[in-house]
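Working through the structure, step by step
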Amino acid sequence: MSKPFFTSTRSNQAPIPFSEAVVKGIAPDGGLYVPTFIPSFSVEDSELMHLSYQALAKKILGLYLTDFSDEEIAAAVDAAYDTKFSDSRIAPVTSIDRTHFIELYHGRTLAFKDMALSILPYLLKTAMNKQAIEEELVILTATSGDTGKAALEGFANVAGVSIIVFYPTDGVSDIQKRQMTTQTGANTAVFGINGNFDDAQNGVKALFLDEALIASLKQEGFLFSSANSINIGRLLPQIVYYYSAYLDLVRRQLIQLGDAVNVVVPTGNFGNLLAATYAKQMGLPVKTFICASNSNHVLTDFMKTGTYDLKRPFVMTASPSMDILISSNLERFLYTISGGNSEKTNALMRNLKINQTYTIDPEMKSALECFYSGYANDPETLDTIKQLYDKHGYVVDTHTAVAYKVHADYVSKTGDQTHTLIASTASPFKFTRSVMTALGTCDTDASDFDLIHRLSHHTGLAIPEVIKNLSEKPIVHTRTIDKDDLKVEVTATLKKRRRSIL
Ligand SMILES: *Cc1c(COP(=O)(O)O)cnc(C)c1O
């Protein structure tokens, strides 16, 4: 069967194979790479039910990775989804009535970013060989808290690669911050920035398009790439768990093969939800997508009105990984619902840049019919954590609580009793202060690290191995920089790196 190539959302340049798209990260015209077609993958094959997560991942990635052999894909999958996940099922499903939490946080950094960032380094290394890349690949990463650590874990000490991470210095939880600032590995650099996630993401995107900088770094032997969800190599591995969770429900006889489910995703940069829409296009039976936001509900408003409007205040919430106003991956979705029209997509993106807003036409808007969207504020989020714990003894983090609450609103509005998959995106141990506050047992004097132990004591949940000794690890990355200084700092970091490689 033929596999797709990859093309930019913003122009009709000749399609390139996966290996080139994953190395480049972002297209030279500023667009994002998308597959030239979405392959089919029907669930109506009873063989599938008995596959392990790894076997399923091999099948699904095998449909997409243009120039990778089955052996190369198998090697990447087996290296990624191994014992660094604390649950051998990789993405286990916990069910409460008709809602089914896909627990995507059993990887090394306790958030769903591990699902893709555990495999991305292997995909990139293979792709670099195929593309005969001689430069060192520099992974520039903007993070709202979770991508940064997951990327650092994935790329630390990987030969031929270095990684530089920028996070909003006051916009992440203490545990997220400590996870990043204690990262070891000579090829890692981490900077707090005085600004929010959008500032970090815009700054990084600008570097990708800075031709003078790119040319001078190439002479020094460096080439930029991305570990953000703008990289197509982040997106494709996320399709797998929607299939695996669906098949899990069939295996447990909660649904019949072919039955449609609803899918709820707590959404920030729109990568996770986009992967779910790709799964549906491939053949996964999904009835309604529920897009859940926090008080930064620019996406909710877009889904309802067809207008994306950035002119609004940025709010810091208890679900910081979703504190985003510019959802990068929405561009890929616009491309899809415009019928693959790069001119239209480009015009919308230009409008956003110039006017801070755009409105899609009625034809595109009609594609939003299978979407419901809503948002939860912080008090609602914390209240949801408490109710889930009191009624069901199940502890969720703040992001997952946003999703659960928006889904509950959807059910009370529509009466829809369809079985529903909820993407559970982080461990409650990553957001201990909010979770303990929600449970009504937070000692405000205790540090976030003390609260790890108290949460465990209170709920009986075991502390995840990977954060047990976090507070004792030495802090090695201490710098906070101005949001306009990314270029200066990247240049200085790579100069130092150059000397250490030589
Ligand atoms: C990144 C993140 C999200 C948002 O995911 P997107 O793919 O950016 O929409 C939600 N929850 C958590 C915990 C995250 O780390």
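Time to look at the overall build of the chain. When helices and strands are counted, the chain shows 21 helices and 15 strands. Against the globule reference of 23 Å for 502 residues, the chain gives a C-alpha radius of gyration of 21 Å, in line with a compact fold. Along the first, second and third principal axes, the C-alpha atoms of the chain reach 60 × 55 × 45 Å. By the burial criterion, 61% of the 502 residues in the chain qualify as buried. Put simply, of all contacts in the chain between residues at least 6 apart along the chain, 75% involve residues at least 24 apart. Counting only carbon and sulfur atoms, one obtains 49% of the accessible surface of the chain, whose full area is about 18900 Å². Charged side chains in the chain number 47 positive and 54 negative. The centres of these two groups are separated by 2 Å.

A side chain with one charge may pair with a side chain of the opposite charge, provided their charged atoms come close. Taken as a whole and assessed by the stated rule, the structure comprises 23 salt bridges. Notably, a salt bridge pairs K84 with D82, separated by 3.0 Å at the nearest N-O pair. With relative accessibility at 32%, the residue D82 sits in the partly exposed group. In the salt-bridge network here, residues are joined through shared partners; they are R108, K149 and E153.

This part covers helix α5 (residues 120-130). Along α5, the positions that sit buried rather than exposed are L120, P121, L123, L124, T126, A127 and M128. Positioned one or two residues after α5, A132 has a phi angle of 50 degrees, which is positive.

Here 5 strands make up an open sheet; going across it, the order is β8-β5-β6-β7-β15 and the pairing parallel. Only two strands of the sheet have a single partner each, and these edge strands are β8 (222-226) and β15 (480-482). For this sheet the average axis-to-axis angle between neighbouring strands, irrespective of direction, equals 30 degrees. Note that strand β7 (residues 188-194) and β15 share 3 bridges and pair parallel. Paired with G192 across the two strands is T480, which belongs to β15.

Close to the ligand lie 15 residues, the nearest being K113, D146, G268, N269 and T425. Interatomic distance of 2.6 Å between a side-chain N/O atom of K113 and an oxygen atom of the ligand. At 2.9 Å, a side-chain N or O of T425 approaches a nitrogen atom of the ligand. By residue class, the composition of the shell around the ligand is 5 nonpolar, 8 polar and 2 charged.

What follows covers the environment of L249. Take L249: it is sitting in helix α11 (residues 240-251). What makes L249 buried here is its relative accessible area of 0%. Counting along the chain gives 154 residues from L249 to S95, while the straight-line C-alpha distance between them is 9.3 Å. Setting aside chain neighbours within four positions, we find L249 in contact with V93, H100, L254, I255, V261 and L421.

About the criteria used
- Residues numbered from 1 in each chain as written.
- Predicted model: local features only at pLDDT ≥ 70, side-chain atom pairs only at ≥ 80, totals over all residues.
- Heavy atoms only, no water.
- Helix = DSSP H or I, 4+ residues; strand = E, 2+ residues; numbered from the N terminus.
- Rg over C-alpha atoms; globule rule 2.2 N^0.38 Å.
- Buried < 20%, exposed > 50% of the residue type's maximum accessible area, 1.4 Å probe, protein only.
- Contact = heavy atoms within 4.5 Å.
- Areas by Shrake-Rupley, 256 points an atom, 1.4 Å probe, with all protein chains shown as cover.
- Lys, Arg positive; Asp, Glu negative; His and termini not counted.
- Charge placed at Lys NZ, Arg CZ, Asp CG, Glu CD.
- Salt bridge = Lys/Arg side-chain N within 4 Å of Asp/Glu carboxyl O.
- Pairing = 2+ DSSP bridges.
- Axes fitted to C-alpha atoms, helices over the stretch in contact; angles between N-to-C directions.
- Near = heavy atom within 4 Å.
- Polar contact = N/O pair within 3.5 Å; in protein donor to acceptor, adjacent residues only side chain to side chain.
- Nonpolar A, V, L, I, M, F, W, Y, C, P; charged D, E, K, R; others polar.

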